[in-house]
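Structural description and commentary
Listed below are the residues making up each chain.
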Amino acid sequence: MTASSHVFATYAQPDIEFVRGEGVRLYDAQGNTFMDLTSGIAVNSLGHAHPHLVDALKSQAETLWHTSNLFKVPGREKLADRLCEATFADRVFFTNSGAEALEAAIKTARRYHFAKGNPERIDIITFEGAFHGRTLATIAAGGQAKYLEGFGPKAPGFIQVPFGDHDALHAAIGETTAGILIEPVQGEGGIRSVPNQCLRGLRELCDKHGILLIYDEVQTGVGRTGKLFAHEWAGENGEAAPDIMAIAKGIGGGFPVGACLATEEAAAPMIVGTHGTTFGGNPLAMAVGNAVLDIVLEDGFLEEVRRKSLVMQQILAELVDTYPDLLEDTRGKGLLLGMKAKIPNTDIIAAFRSEGLLSVAAGDNVVRLLPPLVITEDELREARDLMVRGLEAIRNKNS
Ligand SMILES: *Cc1c(COP(=O)(O)O)cnc(C)c1O
């Protein structure tokens, strides 16, 4: 009993505790207000305490919390119907997190080939800089040494190629390949977008080799990039549609929800008994997931996200122009945006936090900005003013 905290020391946290949130704002116990451009790492897609989500969760909580997957859950059928109606998918498996959604995606891809009489097809090709979660399989998929170290042998069946290296990708495909797994925009890896023609090219490549295209849209999905799913930027008519897709984060708006979406063909071998979860798809989670879709699928909602994205991109471009000593470039799509820093990104994040604005680090020395999708233009301008103050403070300190 000597530890100052009894929580695992896995997270290095600044010393702030929030007690309340509303929209884009978070409040601490001392009454300080922060603009939250982390959105719980792309989770609070509709901001904090959105009335429609609060109502949905409250009324479900008063009715029924949990029954398990021994029984049908009406909200689960409804959310699956709506996700399939809005995407390439025909089937959905619900989980509690992104990593679990990826696990389901990986299992589905392997089982697909197993059922076709090709059990040797187990390899999933992934890309350097990828992040797919922290389970044993997903750290192998992500391939990052810092996440693999000390946790025993790397799970077999994952082959990594450099981001954007077409020759290496072609060379990696062989007799044991099951599929290709990719984030349409790398989130943790530094807001690196895969060009639209490359996503379409991946679709063609997978078709040519009879392997599966798997998207990790855990961070990019549910409106974050201004389309319902980021791969739609590469074609609204399925030109870059996957066979399998993992989602999470934004679909729960802050409640833990994930899902693996698949075509009928890819999901067909996932029959009774092949996979399961105790909590996934529970009534509370499904009530919130449906409530998120009520808003995100409203006419004009995504158009608004795209409009606000342009405002935000303009703001960030001006910051890079004004502070070339501190900032290198802007990147991203929709409201999944970032600025590559010329000084340590954590210094900029700390300076922003001192001014009351929260942002989050990403790979490649990027400052990641993930406003809630409901942020207003006035709030974006307010965020700009706070960022300017933070950058000025760094300059003054340096001079
Ligand atoms: C966050 C994230 C995950 C992991 O999700 P968890 O809910 O933390 O398990 C996987 N892939 C991507 C792209 C993510 O951003």
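Higher on the page you've got the structure.
What you see is a predicted model; the values in this text were computed from it and never measured. (Residues numbered from 1 in each chain as written. Predicted model: local features only at pLDDT ≥ 70, side-chain atom pairs only at ≥ 80, totals over all residues. Heavy atoms only, no water.)

Some points on the environment of Ala-230
To be explicit about the condition: Strands here are runs of E lasting at least two residues and helices are runs of H or I lasting at least four, both read from the DSSP assignment and numbered beginning at the N terminus. Only heavy atoms matter for contacts: two residues are in contact if any of them lie within 4.5 Å across the pair.
The residue Ala-230 is located in the loop between strand E10 (212-216) and strand E11 (244-247) in this model. Separated by 11 residues in sequence, Ala-230 and Gln-219 place their C-alpha atoms 9.5 Å apart. Residues within four places of Ala-230 in sequence aside, it is in contact with Pro-184, Glu-217, Thr-220 and Thr-225.

Section: the packing of helix H2 (residues 51-61) against helix H10 (residues 283-296)
Here is the rule: Think of each axis as a best-fit line through the C-alpha atoms, taken over the contacting stretch in the case of a helix, with angles from 0 to 180 degrees between the N-to-C directions. Relative orientations are named as follows: roughly parallel for angles under 35 degrees, roughly antiparallel for angles over 145 degrees, roughly perpendicular for angles from 65 to 115 degrees, and oblique for any other angle. Crossing handedness follows the turn of the near helix against the far one: under a right angle anticlockwise gives a left-handed crossing, and clockwise gives a right-handed one. Amino acid classes used here: Ala, Val, Leu, Ile, Met, Phe, Trp, Tyr, Cys and Pro are nonpolar; Asp, Glu, Lys and Arg are charged; the rest, including Gly, are polar.
It is the contact of H2 with H10, at a shortest axis distance of 9 Å, that shows an interaxial angle of 155 degrees. Between H2 and H10, the angle falls in the class roughly antiparallel. Of the two elements, H2 crosses H10, and the hand of that crossing is right-handed. Along the contact surface, H2 presents His-52, Leu-53, Ala-56, Leu-57, Gln-60 and Ala-61, while H10 presents Pro-283, Leu-284, Ala-287, Val-288, Ala-291, Val-292, Asp-294 and Ile-295. When the residues that make up the contact of H2 with H10 are grouped by side-chain class, the tally is 11 nonpolar, 2 polar and 1 charged.

A few points about the pattern of salt bridges
Short version of the rule: Each reported salt bridge corresponds to a side-chain nitrogen of Lys or Arg within 4 Å of a carboxyl oxygen of Asp or Glu. Here's how the labels work: a residue is buried when its accessible area is under 20% of the maximum for its type, exposed when over 50%, partly exposed in between, all with a 1.4 Å probe on protein chains only.
In total, this model carries 19 salt bridges according to the counting rule given. For Glu-236, the salt bridge is made with Lys-227, and the minimal N-O distance between the two is 2.4 Å. Owing to a relative accessible area of 52%, Glu-236 belongs among the exposed residues under this scheme. Classification of Lys-227 as buried rests on a relative accessible area of 14%. Put simply, Arg-395 and Asp-325 hold a salt bridge, and the shortest N to O gap is 3.0 Å. Residue Arg-395 is found in helix H13 (residues 377-398), and its partner Asp-325 is found in the loop between helix H11 (301-322) and strand E13 (327-333); the two are separated by 70 residues along the sequence. Relative accessible area serves as the criterion here: at 27%, Arg-395 is assigned to the partly exposed category.

Observations concerning the packing of aromatic side chains
The condition that has to hold: Side-chain rings of Phe, Tyr and Trp, where Trp is taken by its six-membered ring, are said to pair if the distance between their centres is within 6.5 Å; with planes under 30 degrees apart they count as stacked, over 60 as edge-to-face, and otherwise as tilted. Think of it as a cone above the ring: NZ of Lys or CZ of Arg counts as a charge over the ring if it is within 6 Å of the ring centre and within 35 degrees of the ring normal.
In the structure shown here, the tally under the stated rule is 2 aromatic pairs. Relative to Phe-34, the ring of Phe-18 has its centre 5.4 Å away and its plane inclined at 75 degrees; by these criteria the two rings are edge-to-face. With Phe-18 in strand E1 (residues 18-22) and Phe-34 in strand E3 (residues 33-36), the pair connects residues that are 16 residues apart, well separated along the chain. Taking the relative accessible area as the measure of exposure, Phe-18 reaches 33% and is therefore partly exposed. Taking the relative accessible area as the measure of exposure, Phe-34 reaches 8% and is therefore buried. Residues Phe-131 and Tyr-147 carry aromatic rings whose centres are separated by 5.8 Å and whose planes lie at 75 degrees to one another, so their mutual orientation is edge-to-face. Within this pair, whereas Phe-131 is found in the loop between strand E5 (123-127) and helix H5 (136-142), its partner Tyr-147 is found in helix H6 (residues 145-148), the two being separated by 16 residues in sequence. Just above the ring of Tyr-147 sits the side chain of Arg-134; from NZ or CZ to the centre is 3.8 Å. A cation sits over an aromatic face here: Lys-227 above Trp-233, 4.8 Å from the ring centre.

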